[in-house]
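# Coordinate inspection notes
Single-letter residue listing:
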Amino acid sequence: MTRARRKAVATPAAKTVPARSGGPILRTVRGFLALPFPLFRWGKVNLPNQLTLLRMALLPLYITLFLSDSLMAQWGSLILFGLLALTDWLDGYLARKHGLVTNFGKIMDPLADKLLTLTAMILFVQVGLVPGWMIVLIWWRELSVTGLRTLVATRRTVLAADNCGKAKTVLQIVAVVGGMTRREVQIQRAAQLHLPIK
């Protein structure tokens, strides 16, 4: 056996280390997606939390339908709002029934409810259904409660919504449905009289 061959046999083959693809921007994106946020790991999120995130994700569609002058779109926004409001009850029911209550759900479920009702109320102001000061008063209260929840969360305690808060949410949803129904009547009457929609 020649010296070169003996050297080749004695020396183990070097392991090939795959090069890291992508520049610093791509590595930053990969690191961001690796964060423990449920939106990026949808398959690992339980069903109640999926409903909560879905309620937030469909808000742009609700806004688009509501701001349309089409009566069909107005009916679509009303149906969509009803479905989103239904998920507010359904996610909590499923979480309690199947033992799927999480800290994420305790925080994000009330937040999703606030976003839904706040979006509807701001749209009401934009189309002239209610005065702006009324919405400001309502949301001073809502932001105060949210601030209290944040303060409590800094002490590693999660403050879940109580029965009074849930009743308040139901009343707000009923008020929003009433306002949307009034909006539909306005659009239908304007279409019949060939008047511009206010």
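Every chain is numbered independently, its residues counted from 1 as its sequence is written. In keeping with the predicted nature of the model, local features appear solely for residues at pLDDT of at least 70, side-chain atom pairs appear and are counted solely at 80 or more, and the whole-chain, interface and lining totals rest on all residues. As a rule here, side-chain values cover all heavy atoms of the structure and leave hydrogens and water aside.

## Let's talk about the nonpolar core
We call a set of buried residues a nonpolar core when its members are Ala, Val, Leu, Ile, Met, Phe, Trp, Tyr or Cys and they connect through side-chain atoms within 4.5 Å of each other. Relative accessibility decides the category of a residue: with a 1.4 Å probe and only protein chains considered, values under 20% of the type maximum give buried, values over 50% give exposed, and everything between is partly exposed. Ranked by internal contacts, the top residues of the largest apolar core, which has 17 residues, are Tyr62, Phe66, Phe81, Phe124, Val176 and Met180. The way it works is that DSSP assigns letters per residue, a run of H or I at least four long becomes a helix, a run of E at least two long becomes a strand, and they are numbered from the N terminus. When residues of this core are assigned to their parent elements, the largest contribution, five residues, is made by helix 5 (residues 71-97). A contact between two residues is defined here by any heavy atoms of the two lying within 4.5 Å. Aside from chain neighbours lying at most four places away, what touches Met180 is Tyr62, Phe66, Ser77, Leu78, Phe81 and Phe124.

## Focus on the side chain of Glu184
Mapped onto the fold, Glu184 is located in helix 8 (residues 163-193). By the counting scheme adopted, Arg and Lys are positive, Glu and Asp are negative, and His together with the chain ends is not counted. A side-chain nitrogen of Lys or Arg and a carboxyl oxygen of Asp or Glu constitute a salt bridge if their distance falls within 4 Å. Despite its burial, Glu184 remains without a salt bridge, the nearest opposite charge being carried by Arg183 at 9.0 Å. Sequence-distant contacts of Glu184, that is, excluding residues within four places in its chain, are made with Leu71, Gln74, Trp75 and Leu78.

## Quick word on the confidence of the model for the protein chain
Confidence of the predictor at the level of single residues is given by pLDDT, which spans 0 to 100. For the protein chain, the average pLDDT comes to 76, and 67% of its residues sit at 70 or higher. Ranking the helices and strands of the protein chain by mean pLDDT puts helix 4 (residues 59-66) first, with 94, and helix 1 (residues 3-10) last, with 52. With pLDDT under 50 throughout, residues 13-20 is counted as low confidence; its partners more than four residues away or in other chains account for one contact. Low pLDDT, under 50, characterises residues 32-36; the predicted model gives this stretch five contacts beyond four residues in sequence or across chains.

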